[in-house]
Amino acid sequence: MSGLQGVGLLLLLWGSACLLLPGLAQGALVISGGHEALQETRGAAISLQKRSTKVATVEVYSVKVDCTVTSRFAHTVTTSKALNKANFSQEIFFEVELPKTAFIVNFSMEIDGEVYVGEVKEKEKAKKQYEQAVSSGQTAGLVKASGRKMEKFSVSVNVAAESNVTFILTYEELLQRKLGQYEILTRLKPKQPVHEFQIVTNIYEPQGLSFVDAHATFLSNELLPLVEKTVTDNKAHISFSPTMEQQRECPGCEGTLIDGDFVIKYDVKRAKSFGDVQIVNGYFVHFFAPPDLPRVPKNVVFVIDRSGSMWGMKIKQTREALLAILEDLDEEDHFALIQFNDQIQPWRESLTKATKENVAEGMAYVRNIKDQGGTNINGGVLRGVEMLFKDRQEKKLPERSVDMIILLTDGMPNAGETHLPTIQTNVHSAIGGNMSMFCLGFGKDVDYSFLDVMSKQNNGVARRIFEGSDAAVQLQGFYQEVASPLLSEVDLRYTDNAVDSLTTNHYTQLYNGSEIVVAGRLTDNDLDNFMVEVFGQGFEEDFKVQGQASAVDWDVMYPNEEYIFGDFTERLWAYLTIQQLLEQSKTGSPDDKANATAKALQMSLEYSFVTTLTSMVVTKPETEDGPGSPLVADKLTEDQRQQSERMSHRYAPPSFAAYPASHTYLVDGDPHFLIELPDRHDALCFNIDDEPGTIFNLVRDPTQGILVNGQTIGDKKIAPGGKINTYFGRFGVAHQTLGVRLEVSTKDITVLQDGTQVKLLWSDSASVKGPKMDLFLTKDRSLTVSLKDSVKFVILLHKVWAKHPYHQDYLGFYTLDSHLLSPSVHGLLGQFYHGIEYEVSDLRPGEVTEKPDATMYVKGQELNVTRGWQRDFRRDVKNGENVPCWFVHSNGTGLIDGDATDYVVSGLFKRV
């Protein structure tokens, strides 16, 4: 490839905008961005000159999302077109966030009339292509964790000069009814106005629509009227198509208002019958969610982990959620509370009827739950099972009622029985199919696979509770889904010899607001002989309905409509069958697991679904550099998503390659030093207080010639009754061996290399790729710096309202990759780069209830430390993310070598 090897620009669909320029010829340093662009003309010596960036443009022409829902089965097509207007080739990225429950069914790229189509293959067969792509440095297509409900599909492709590319991604999912509604979620983050922007959703529900609601997190008063909604009895059309000017944050602004989730919620009308049956092309689907059934009383045992790892926010949010849940119990319900750490502590020896008085006493008990000790999951759960069985035998519980156990835990068992398979066997044997068990896994460190299998073995489900300010709401939301059982032991039966290949047709419970879905294949086309029966146990009597199914005449119900897939019942059946087979592959005997896996794989390939057993493979076009490389899109399991979140270590890098899990060292705020230790699931922190203008040495490696110093600034003035706060306002970075010097302030960034100086503004977006140093500047947010064969770090810009009476802009410094530095590295942060040994014991109450004290043994000293939080701003530069840490008092005395004043230097590039 001649000239520029490529300009990477994230196609502005979902995800953050990314600008990346690989180098020119060998030895070149390239800077491009909104402020200025520089390049070497020839040779190994670096010669920098200005160049207009207007030629290096990718025009995003259109972004379209087209979703069609037919009887709850959603088929979504996302299309985006872009034009490379530059006179050189460019790398263009495409990202889409899709629901975790969806299966990708197709991906294609059209480049200058040539179409490249994906093919679904067995994952193991695609593995070699994937490894080849990664090892050669190619950007493989990825599906990776992207939050609670979504996962991200990413791909890049090289596009020749003045050429265009069209990306098309198609995925399908069966919408699940929760709390009385279905939800269609589309995540939109285009980052700048787009020429043609359109969301279109068409919903076809032969049962009839009871309500349809559309909203978005980003809708302003100006954008709200642009959401067009037309609803008839059994069809809804929703569209949103703002012009470029309507998308802008303000007239002439480059920013866009479109940033967030577009959500459609709806439900269907329901008659008092055996439900709704849809029959098309020899396949049927049966939806069952009868209205107006009386709820069945429940007997619920809450088994609550109160081990030491639940300290702080987790236990606080658990208490908040339990208080709200107890308040919502019906008076006919019975409940029990069992706390466990290494000991088992029930509130009472039997379940208690949920009278107002008993609930009030239970709430008082919950308010006093404290965290400490180990984790005996086996003992806590078995005590709950024993309590339910005992009360059943003694007839203390209503005969027609539902028994359930809800386990909440955040960690691994480390007391009592700790072998996970043994715990699963013990619980499964004790329950014996007589009750349902729900496992709520709190946080990133919980073994979700263990909880998932244990739930499925016992007629329940597991749910991850994500750490965050809304964890209590998540707990309440899950509880509400199972809070009102309507029927138990539900059987859906069909005429013998009329159907085969049935999906699961027996369900232990039906909960209010949910829905049972059964699909199958017809063996007899005589629909006059297709009888449906539903049996279940209700509150006061057995439930039984039956009737004859009949096919809807789609042409009559929806005249002049062209369906994008007339075989939706078959694809819905296949989707549901594969989902259930994948679940079955986790439990049962080895033979059962193997058979379920083999069948799921065979159907995934037959119906072109990207599942956890298959991959989508696309061979990218050839370039001047060589033959086309494969991209591989995989589907993640919940375990893999969890592992991905752990590995990403709360930071998404500007490129698609994830950093390895490693220790992270940072200083941010006023100023807080934080050493994150993911291998210990822990962190250490301390503050340094001094006068504004003081320059501290953060990192120095005399062997490699690396130096990082930071100068503090203060508030504009002291707030009434307050004190002067200090922050870092300037950083100096020098690499003597490479001949690189970098000065970063809150205003600009100055790069000095081999006698040539370049200045960038924080208002730029720019990229640098050179033989000695790479820079990646995100406008008004962050600067990522990689020094060749040594260290990688990020400097964050915290912007403060210019007219704020006290505070001003400041910087944060984050070391991401330091393992290549020499053993002689030191400094306030550098001394921790090669690890630190410490032990913590004697946990005890501190001055603040939520912040216990403890004794730390470190560097031959005994320190009093306090459990607290510091904030990591890499993912959210505005609010930050709380990181629990052991706080070392008195400017880190005892943790750092010497005294804080030992690290003070006289200039930004001076050595100690």
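Residues numbered from 1 in each chain as written. Predicted model: local features only at pLDDT ≥ 70, side-chain atom pairs only at ≥ 80, totals over all residues. Heavy atoms only, no water.

## Quick word on the overall build of the chain
1) Next: Along the backbone of the chain there are 13 helices and 56 strands.
2) Next: Across the 912 residues of the chain, 55% fall into the buried class.
3) Next: Of the contacts formed within the chain by residues at least 6 apart in sequence, a portion of 66% connects residues at least 24 apart.
4) Next: Carbon and sulfur atoms form 48% of the exposed surface of the chain, whose accessible area is close to 38,200 Å². (Helix = DSSP H or I, 4+ residues; strand = E, 2+ residues; numbered from the N terminus. Buried < 20%, exposed > 50% of the residue type's maximum accessible area, 1.4 Å probe, protein only. Contact = heavy atoms within 4.5 Å. Areas by Shrake-Rupley, 256 points an atom, 1.4 Å probe, with all protein chains shown as cover.)

## Describing the environment of P421
1) Next: Structurally, the position occupied by P421 is in helix 6 (residues 420-431).
2) Next: Between the C-alpha atoms of P421 and M454, which are 33 residues apart in sequence, the distance is 9.1 Å.

## Description of the environment of E361
1) Next: Within the fold, E361 resides in helix 4 (residues 356-367).
2) Next: Between the C-alpha atoms of E361 and W347, which are 14 residues apart in sequence, the distance is 10.0 Å.
3) Next: When near neighbours in sequence (up to four residues on either side) are disregarded, E361 contacts W347 and R348.

## Let's talk about the state of the cysteines
1) Next: Inspection of the entire model under this criterion finds one disulfide.
2) Next: The disulfide partner of C685 is C885, and the gap between their sulfur atoms is 2.1 Å. Torsion about the S-S bond of the C685 and C885 cystine: about 75 degrees, corresponding to right-handed handedness. Placement of the pair is C685 in strand 40 (residues 682-687) and C885 in strand 55 (residues 881-888), with a sequence separation of 200 residues.
3) Next: In this structure C685 comes out as buried when scored by relative accessible area, which is 0%. (Disulfide = S-S within 2.5 Å.)

## So, the sheet that holds strand 21 (residues 276-280)
1) Next: Taken together, four strands build an open sheet; the order of strands is 21-22-33-31 and the sheet is antiparallel. Of all strands in the sheet, those bounded by a partner on one side alone are strand 21 and strand 31 (499-500).
2) Next: Sheet topology places strand 22 (residues 283-288) next to strand 33 (residues 516-522); six bridges connect them, and they run antiparallel. Opposite F284, over in strand 33, you have G520 as the bridge partner. (Pairing = 2+ DSSP bridges.)

## A short note on the sheet that holds strand 17 (residues 209-216)
1) Next: Strand order across the open sheet formed by three strands is 15-20-17, with antiparallel pairing between neighbours. On the outer flanks of this sheet lie strand 15 (182-188) and strand 17, each paired with one strand and no other. If you compare each strand with its neighbour and ignore which way they point, the axes differ by 10 degrees on average.
2) Next: Sheet topology note: the strand 17/strand 20 (residues 260-268) ladder contains seven bridges and is antiparallel. Counted as the bridge partner of D213 is K265 from strand 20. (Axes fitted to C-alpha atoms, helices over the stretch in contact; angles between N-to-C directions.)

## Details of empty space enclosed by the protein
1) Next: Applying the stated criterion across every chain yields a total of four cavities of 30 Å³ or more.
2) Next: If you add up the space inside the largest cavity, you get close to 120 Å³.
3) Next: In terms of lining, the largest cavity is formed by 13 residues, of which the most central are F302, L322, I406, L408 and L440.
4) Next: Breaking the lining of the largest cavity down by element, the ones donating at least two residues are strand 23 (298-305), helix 3 (313-327), strand 27 (402-409) and helix 8 (471-482). (1 Å grid on protein atoms, 1.4 Å probe; cavity = no way out; pocket = protein on both sides within 12 Å on 5 of 7 lines; lining within 4 Å. Points joined across faces, edges and corners; volume = space filled by probe spheres on them.)

## Topic: the pattern of salt bridges
1) Next: For the coordinates displayed, the defined rule picks out 36 salt bridges.
2) Next: Between R295 and D330 there is a salt bridge, and its shortest N-O distance comes to 3.8 Å. Separated by 35 residues along the polypeptide, R295 in the loop between strand 22 and strand 23 and D330 in the loop between helix 3 and strand 24 (334-340) bring together distant segments of the chain.
3) Next: Put simply, K759 and D748 hold a salt bridge, and the shortest N to O gap is 3.8 Å. You can see K759 sitting in strand 46 (residues 756-761) and its partner D748 sitting in strand 45 (residues 748-753), a full eleven residues away along the chain.
4) Next: We classify D748 as buried; its relative accessible area is 18%.
5) Next: Look at the salt bridges and you will find they share partners, linking R72, R177, E205, D267, R270 and E515 into a network. (Salt bridge = Lys/Arg side-chain N within 4 Å of Asp/Glu carboxyl O.)

## Brief notes about the side chain of T170
1) Next: Structurally, T170 can be placed in strand 14 (residues 164-174).
2) Next: Looking at T170, the relative accessible area reads 7%, which means it is buried.
3) Next: When sequence neighbours within four positions are dropped, the list of residues in contact with T170 reads H75, T76, V77, F103, I104, V105 and N106.

## Concerning the packing of helix 6 against helix 7 (residues 448-456)
1) Next: At a minimum axis separation of 10 Å, helix 6 and helix 7 run at an interaxial angle of 20 degrees. As summarised for this structure, helix 6 and helix 7 are arranged roughly parallel, according to the angle between their axes. The two elements helix 6 and helix 7 cross, and the hand of that crossing is right-handed. Where helix 6 abuts helix 7, its residues L420, I423, Q424 and V427 lie against F450, V453 and M454.
2) Next: Each residue belonging to the contact of helix 6 with helix 7 can be placed in one class, and the counts come to six nonpolar, one polar and no charged. (Parallel < 35°, antiparallel > 145°, perpendicular 65-115°, else oblique. Left-handed = near helix turned anticlockwise from the far one by under 90°. Nonpolar A, V, L, I, M, F, W, Y, C, P; charged D, E, K, R; others polar.)

## Examining the packing of aromatic side chains
1) Next: Enumeration over the complete set of coordinates arrives at 28 aromatic pairs.
2) Next: Taken together, a centroid distance of 5.8 Å and an interplanar angle of 65 degrees make the contact between F438 and F478 edge-to-face. In this pair, F438 is assigned in strand 28 (residues 436-442) and F478 in helix 8, connecting sequence segments 40 residues apart.
3) Next: Feature note: the residues F673, F686, F728, F731, F793, F813 and F832 constitute an aromatic cluster, connected by ring pairs. (Phe/Tyr/Trp six-rings, centres within 6.5 Å; stacked < 30°, edge-to-face > 60°.)

## Some thoughts on the packing of helix 3 against helix 8
1) Next: It is the contact of helix 3 with helix 8, at a shortest axis distance of 8 Å, that shows an interaxial angle of 35 degrees. Like other packed secondary-structure pairs, helix 3 and helix 8 cross with a definite hand, here right-handed. Across the interface between the two elements, Q317, T318, E320, A321, A324 and I325 from helix 3 touch A471, A472, L475, Q476 and Y479 from helix 8.
2) Next: When grouped by side-chain class, the residues that make up the contact of helix 3 with helix 8 number seven nonpolar, three polar and one charged.

## What to know about the pairing of strand 45
1) Next: Of all the six residues making up strand 45, five are buried; the element is thus mostly covered by neighbouring parts of the structure.
2) Next: Linking two consecutive strands that pair antiparallel, namely strand 44 (residues 740-745) and strand 45, is a turn of two residues.
3) Next: In terms of strand pairing, strand 45 meets strand 46 through six bridges, oriented antiparallel. What sits directly across from I749, in strand 46, is L760.
4) Next: Hairpin connection of strand 45 to strand 46: two residues between the antiparallel strands, including D754 at a positive phi of 50 degrees.

## A short note on the pairing of strand 13 (residues 150-159)
1) Next: Most of strand 13 is tucked away, with ten of its ten residues classed as buried.
2) Next: Side chains of strand 13 alternate between two faces, with M150, K152, S154, S156 and N158 and E151, F153, V155, V157 and V159 buried alike.
3) Next: Relative to strand 13, strand 8 (residues 90-99) runs antiparallel, the two being bridged by ten bridges. Within strand 13, the position partnered with E91 by the bridge is N158.

## Topic: helix 10 (residues 568-584)
Along an α-helix, residues three or four positions apart point the same way, because every turn accommodates 3.6 residues.
1) Next: With 17 residues, helix 10 extends 24 Å from end C-alpha to end C-alpha; this agrees with the ideal 24 Å at 1.5 Å per step.
2) Next: Taken across its 17 residues, helix 10 has 13 buried, putting it largely inside the fold. (Expected span 1.5 Å × (residues − 1).)

## Focus: unusual backbone geometry
1) Next: For E162, which is not glycine, the phi torsion reads 55 degrees and is therefore positive.
2) Next: The topology assignment puts E162 in the loop between strand 13 and strand 14.
3) Next: E162 gets classed as exposed once you look at its relative accessible area, which sits at 60%.
4) Next: Positive phi, normally seen in glycine, also occurs at N891, with a value near 60 degrees.
5) Next: For N891, the location among the structural elements is in helix 13 (residues 889-892).
6) Next: Classification of N891 by relative accessible area gives partly exposed; the value is 25%.

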